[in-house]
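A structural walkthrough
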Amino acid sequence: MLPVAFATGWLAFGTGTVWPARIVTIGHAVFGVAVLALVPWKQLIVRRGLARPGGSGGVVVKASSLALAVLVLLSLVAGFAHSYIGPRTYFGVTAMQVHVGAAIAAAPLFLTHLFTRPQRIRATDLSRRNALRLGALVGVGAVVFAAAEGLAVMARLPGRLRRATGSYETGTDDPEAMPLTSWLFDEIPDIDPAGYAVTVRVGGTSRSVGYDELAVGPDQVRAILDCTGGWYAAQTWRGVRLDRLLGQIPAGHVIVVTSTTGYSRRFPAAEASRLWLATSMAGVALEPGHGAPARLVAPGRRGFWWVKWVASIETVAGADWWQSPFPLQ
């Protein structure tokens, strides 16, 4: 249950379109509830384990196992808090940050638990009876999740308004209300638009496109920026489509968009007409925190694909998937 809940959580981070996101987030919630449903049986094993004598090594194993239990419980509680109470902050951190942080911290403890308490797989573990038990457990998770969703609607909880990705609307058509966030360690650079230019490289040719040319770009798109921090905003973005900037892309090439911070993302060449280099949103020039002078707009993708402070756009030979699923910069 825990590996599936962990994996679907990361899939939810990367899924931006509505129906795939809904399927993944529902699966994530169902398996999270199923973990809680196992507690009555698991606590019997925990009691026996705590009562078992052991030396200093045993104390370490017990301590790490208890820490794992606490982190899993914390992640689950924070996940439900974000899903139904809303994107609130507790002691300077959001429920989503606690949910994700506790899950990441629990991962190495989970692996330690597997290695320090190895269990031999028996034939009965793979029996039809246990398969039915597993199905029943997932069914309980689905029923509880459905009941929680219905309760959220009847009680008019904030969770009834969240998007399929789990995000809450913040700052639609209001750039000043839209949160300022960056992936991991990026800091907001100070870039003077007057001297700003994007380097465009295609094949063996290279050219610079200045801010003035980008700012009068003819292309406009209505798109939702859905941040993995738990919020989303719909804006009207204006700028230049990447297919206009790149022209004919050589066969076998992919698009690489790089920020002044070194942050970069790869995209399939076929998406050039569905990507924009924007200089404004909601009729207002971008602010530095939102990616000024120019940022990428990638509809249908989560916020970490929307590269800010774009320094270069180039095509290179290779595969678009040849990159970390989530940026490590």
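Heads up: the structure comes first, above all this text.
Figured I'd write up the structure that's included with this text. Because the structure is predicted, anything quoted here is derived from the model rather than measured. (Residues numbered from 1 in each chain as written. Predicted model: local features only at pLDDT ≥ 70, side-chain atom pairs only at ≥ 80, totals over all residues. Heavy atoms only, no water.)

Description of the environment of Lys 308
Following the sequence through the fold, Lys 308 ends up in the loop between strand 12 (295-297) and strand 13 (310-317). Lys 308 sits 19 residues away from Gly 289 along the chain, and the two C-alpha atoms are 8.7 Å apart. Within the local environment of Lys 308, its side chain forms a polar contact with the backbone oxygen of Thr 181, the two atoms lying 2.5 Å apart. Reaching out from Lys 308, the side chain makes a polar contact with the backbone oxygen of Gly 289 at a distance of 2.7 Å. (Helix = DSSP H or I, 4+ residues; strand = E, 2+ residues; numbered from the N terminus. Polar contact = N/O pair within 3.5 Å; in protein donor to acceptor, adjacent residues only side chain to side chain.)

Some words on the sheet that holds strand 13
On the basis of which strands lie adjacent, the open sheet formed by five strands has the order 5-4-13-8-9 and mixed pairing. The outermost strands of the open sheet, each flanked by one partner alone, are strand 5 (205-210) and strand 9 (264-268). When the angles between neighbouring strand axes are averaged without regard to direction, this sheet yields 20 degrees. Pairing geometry for strand 8 (residues 253-259) and strand 9, over five bridges, is antiparallel. Its bridge partner being in strand 9, Val 254 is matched across the sheet by Pro 268. (Pairing = 2+ DSSP bridges. Axes fitted to C-alpha atoms, helices over the stretch in contact; angles between N-to-C directions.)

Some remarks on unusual backbone geometry
Cis geometry marks the peptide bond from Ala 292 to Pro 293; its omega dihedral reads 10 degrees. Positive phi, close to 55 degrees, is recorded for Phe 91, a residue that is not glycine. Note that Phe 91 resides in the loop between strand 1 (89-90) and strand 2 (93-94).

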